[in-house]
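Overview (structure and organization)
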Amino acid sequence: MRAEPVPVAVLISGGGSNLAAILEAGRSPDCPYRVAVVASNRPDAGGLAHAVAAGVPVEVIDHRPFAGDRASHEREIDARLRAHGVELVVLAGYMRVLTPWLVERWAGRMLNIHPSLLPKYPGLDTHARAIAAGDAEAGCTVHLVTAGVDEGPVLDQARVPVLANDTPESLAARVLAAEHQLYPKVLARLAAGLAPDA
Ligand code: GRF
């Protein structure tokens, strides 16, 4: 492991409860990563407050002024992350599909959390779909990001039971609690395994 923690960026669009869990675990003195920047495509993302409270720099890169020009928006994201010396990119509720250009620039160094046991239920409404299918188990998956949405290699998963009276909301809350345990752990593992001269 390296002497210095690996600088990571967390990308959000919303409430940022996973970001909060990642920041919290990052406070431990032996944590192998540090959150160097939090970036959001939405100026009103609630999660930005977690970054500010933790004294972490914030970059708001609003997609709207780019008017559908995804390539330019992503070049801006990439430039800002690199300006912070970032080595790993963590998608935590970042609600825009990335182009292959950005994904390839961070190949093997960009991870995402998805609220299902992939390969089951990529995309949206995962909890309603798990309940409708009568699944006994649900959960979340941390995976490397590749060009195919929710398709990259799985790094780890956490499982929770689906209870008889579950609604999509009650199941989502149970899965989210599992996400908060899983994501910092997988990120720390990945950071600890990065080559010293990476
Ligand atoms: C989580 O359910 C995550 O799995 C999905 O987006 C949600 C983000 O929640 N990718 P939060 O913003 O971290 O609270």
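Residues numbered from 1 in each chain as written. Predicted model: local features only at pLDDT ≥ 70, side-chain atom pairs only at ≥ 80, totals over all residues. Heavy atoms only, no water.

**Considering the pattern of salt bridges**
Applied cut-off: We count a salt bridge whenever a side-chain nitrogen from Lys or Arg sits within 4 Å of a carboxyl oxygen from Asp or Glu. Burial classes: relative accessible area under 20% of the type maximum marks a residue as buried, over 50% as exposed, and values in between as partly exposed (1.4 Å probe, protein chains only). Helix and strand assignments come from DSSP, with helices taken as H or I runs of at least 4 residues and strands as E runs of at least 2, each series counted from the N terminus.
Under the defined criterion, the tally for this structure stands at 11 salt bridges. For Arg27, the salt bridge identified is with Glu24, shortest N-O distance 3.0 Å. Classification of Arg27 as exposed rests on a relative accessible area of 53%. Note that Asp156 is salt-bridged to Arg189, the shortest N-O span being 2.9 Å. With Asp156 in strand 7 (residues 154-161) and Arg189 in helix 6 (residues 168-192), this residue pair connects regions lying 33 residues apart in the sequence. Residue Asp156 is classed as partly exposed on the basis of its relative accessible area of 21%. Several salt bridges share partner residues, and in doing so they unite Glu59, Glu76 and Arg80 into one network.

**A short note on the sheet that holds strand 4 (residues 88-91)**
This is how it is decided: Here a strand pair is declared whenever DSSP counts at least two bridges between the two strands. Geometry is summarised by axes, namely lines fitted to C-alpha atoms with helices restricted to the contacting stretch, and by angles between N-to-C directions that run from 0 to 180 degrees. Only heavy atoms matter for contacts: two residues are in contact if any of them lie within 4.5 Å across the pair.
Pairing is mixed in the open sheet, where seven strands are placed in the order 3-2-1-4-5-6-7. The open sheet is flanked by strand 3 (58-60) and strand 7, the only strands paired with a single partner. The average angle at which neighbouring strand axes cross in this sheet is 20°, direction not considered. Two strands pair when backbone bridges link them, and strand 1 (residues 6-12) and strand 2 (residues 33-40) are joined in this way by seven bridges, in the parallel orientation. For Val10, the partnering residue across the bridge sits in strand 2 and is Val38. Of the strands in this sheet, strand 1, strand 2, strand 4 and strand 5 (110-114) touch helix 1 (residues 17-26), which is tilted by about 155° from strand 2.

This is a description of form; function is not addressed.
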